[in-house]
Amino acid sequence: MSEPNTERNAERNAEAHTAPSEAPGATEDGGTYDVIVLGAGPVGQNVADRARAAGLSVAVVERELVGGECSYWACVPSKALLRPVLVVADARRVDGARQAVTGRLDDAAVFARRNRYVTDWDDSGQALWVKSIGADLFRGHGRLDGPRRVTVTRDDGARQTLVARHAVALATGSRPALPAVPGIEEARPWTNRHATDSSTVPGRLVVVGGGGVGVEMATLWQGLGSRVTLLARRRLLPRMEAFAGELVTQGLTEAGADVRIGVQVTAVRRPDPDGPVTLTLDDGGELEADEVLFATGRTPGTDDIGLETVGLTPGSWLDVDTTCLVDGVEGAWLYGLGDVNHRALLTHQGKYQARTAGDAIGARAAGRPLDDGDWGDHATTADRHAVPQVFFTDPEAGAVGLTAEQAAAAGHRVETVDLDLNAAQGANLYADGYTGHARLVVDVDRDVLLGVTMVGSGVSELLHAATVAVAGEVPLKRLRHAVAPFPTISEIWVFLVAAYRRQREQTDAG
Ligand SMILES: Cc1cc2nc3c(=O)[nH]c(=O)nc-3n(C[C@H](O)[C@H](O)[C@H](O)COP(=O)(O)OP(=O)(O)OC[C@H]3O[C@@H](n4cnc5c(N)ncnc54)[C@H](O)[C@@H]3O)c2cc1C
């Protein structure tokens, strides 16, 4: 499980670069590279890969684990843990299979599975991959030190200075943002790290936050046997169509979780470090739990990377153009990719940006013009208007593009088409009593899809069809010739497109 999260594999083992010195001591000259990448999460790895593919020399700086938050405390462990929960939930909805699923989940086996996928938090496989593409890995904390210069401070205090000929790519990710609630630090709350690396199931867990991380972690720990209370200020999944949050609320409630909407935490206390935690709520109530997870947003990993040395504000999200060049920096050399630019805090979007930026860095280094046809307009579309995301809740919730409200606010003339997913026989065969819903958001003037939302078991694998239609701006009159196999859940596409035609005919006739 040491495969890096990149689109290319390790076969391209280009010329080897000198490995950094291991000698402890004072500042060393670390060398000059075409490109320096700060942060070896999925985004840093992908931009390094793309820059190497363009024939550039690359230094990668990582202070913790090569593979980043995604590989060890976010996407990978969370989905490794959620999969057994969702498989069992699905099996319980299929007569014949239900009878075979009689016991509880085997926690130890679930945690062991997670540990395999995070390679026991050992990054040597991914570090080897960095080497195999011909990039040099510098372990330590990287900071900008003026234009095109980076200092790397190792754990033993030794420092190296690196110089970039063409580009420095900042891919330092994000950290959990905890609310300023009295007592929060002393209460040692869980963040995404504990919620994904714990091998103990708390008896009672409070999850604060109804966004993607909150609902996934509530699903996971309730499935593993915790008694979960989920507190959310607004409806769950507030950035999606409202029915997504409603169906996920229903699913969590049926699983036994206590979902409370419109509630905020005003204080936290854990007087005995080994004892329970008590939360004071703004509705006047109190809640006691064994652990509390705050899933209340992210803060940029830019507070200690030397932004001030190039005229930027430490701790801010980075404003970037479509090729991820940071605004306000002279000379077209500083890039900000992935979570740090706050466009979409998702691994796949960050990797997309890394491919865009990596190609742009290659083109600029070679003095070639950028191919706007490839990256210009489409980059804007894919990064802003066709962003897919999936939450592995029960039911799963997936969406791409704009909600009806967002599309209308953006000035489009919009029509929506709604259907329950069990209109497709494939859904009923997938699960007895299948519950799910889908919505298309159509730009009436251009006859294209602006957004699609689907909620139901198995929709995570349906969503890419929607992304192709939205990003490709496939006209609906063309989409009706995309025939879905019977009996799959995907057949809902055929019915949605037909329903849209009927709606239009009625509007035109009226
Ligand atoms: C619980 C959870 C589940 C998630 N699940 C999904 C999912 O299923 N799908 C999805 O698409 N997204 C998911 N995300 C979001 C996803 O994890 C992030 O969008 C993704 O990790 C961003 O990648 P990145 O490379 O920008 O940053 P990171 O993965 O955070 O990597 C940044 C790297 O930079 C290093 N670094 C930071 N500062 C320095 C420095 N000064 N010097 C050297 N190195 C430094 C860090 O150590 C780290 O290795 C999830 C997030 C959470 C919290």
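Cut-offs applied
Residues numbered from 1 in each chain as written. Predicted model: local features only at pLDDT ≥ 70, side-chain atom pairs only at ≥ 80, totals over all residues. Heavy atoms only, no water. Salt bridge = Lys/Arg side-chain N within 4 Å of Asp/Glu carboxyl O. Near = heavy atom within 4 Å. Polar contact = N/O pair within 3.5 Å; in protein donor to acceptor, adjacent residues only side chain to side chain. Areas by Shrake-Rupley, 256 points an atom, 1.4 Å probe, with all protein chains shown as cover. Helix = DSSP H or I, 4+ residues; strand = E, 2+ residues; numbered from the N terminus. Nonpolar A, V, L, I, M, F, W, Y, C, P; charged D, E, K, R; others polar. Domains from an automatic or database assignment. Axes fitted to C-alpha atoms, helices over the stretch in contact; angles between N-to-C directions. Left-handed = near helix turned anticlockwise from the far one by under 90°. Contact = heavy atoms within 4.5 Å. Buried < 20%, exposed > 50% of the residue type's maximum accessible area, 1.4 Å probe, protein only.

S.K.: Would you take a moment to explain the pattern of salt bridges for this structure?
M.R.: Note on pairing: side chains with opposite charge can pair once their charged atoms come close. Summed over the entire model, instances satisfying the criterion amount to 26 salt bridges. Via salt bridges that share partners, E64, E69 and R193 belong to a single interconnected network.

S.K.: Would you take a moment to explain the site of the ligand for this structure?
M.R.: Around the ligand, 32 residues are found, and the nearest of them are E62, K79, G142, D339 and T347. Between D339 and the ligand, the recorded distance is 2.8 Å, taken from a side-chain N or O atom to an oxygen atom. Contact with the protein chains hides 92% of the accessible area of the ligand, taken as 1000 Å² for the molecule alone. Those elements giving two or more residues to the shell around the ligand turn out to be α1 (42–53), β2 (58–62), α2 (68–73), α3 (75–91), β4 (141–144) and α9 (347–365). Of the residues assigned to the shell around the ligand, the class counts are 12 nonpolar, 13 polar and 7 charged. Split by domain, the shell around the ligand shows at least three residues from each of two domains, domain 1 (10–67 + 123–175 + 300–366) and domain 2 (73–116).

S.K.: Mind showing me how you'd approach unusual backbone geometry here?
M.R.: Trans is the prevailing form of peptide bonds, just as negative phi is the prevailing case for residues other than glycine. Looking along the chain, the bond that leaves D394 and enters P395 is cis, with omega of 10 degrees. Residue placement: P395 occurs in the loop between β17 (388–391) and β18 (397–401). In the Ramachandran plot, D120 falls in the positive-phi region, its phi being about 50 degrees despite a non-glycine side chain. Within the fold, D120 resides in the loop between α4 (107–117) and α5 (124–132).

S.K.: What should I look at first to understand the packing of α3 against α4 in this one?
M.R.: Any two packed helices are characterised by the angle at which their axes cross and by the distance between the axes. Closest axis-to-axis distance for the α3/α4 pair is 9 Å, and the angle between their directions is 150 degrees. With respect to the hand of their crossing, α3 and α4 are arranged in right-handed fashion. Mapping the contact onto sequence places V76, P77, K79, A80, L81, R83 and P84 in α3 and V110, F111, R113, R114 and Y117 in α4. Of the residues belonging to the contact of α3 with α4, the class tally is 8 nonpolar, no polar and 4 charged.

S.K.: Could you clarify how one ought to interpret the environment of V441 in this entry?
M.R.: Mapped onto the fold, V441 is located in strand β20 (residues 437–443). For V441, a relative accessible area of 0% puts it in the buried group. Each C-alpha atom, one on V441 and one on R234, is 23 Å from the other, the two residues being 207 residues apart in sequence. In contact with V441, other than residues within four places in its own chain, are E241, L402, T403, A404, A407, V414, E415, T416, V448, L449, L450 and G451.

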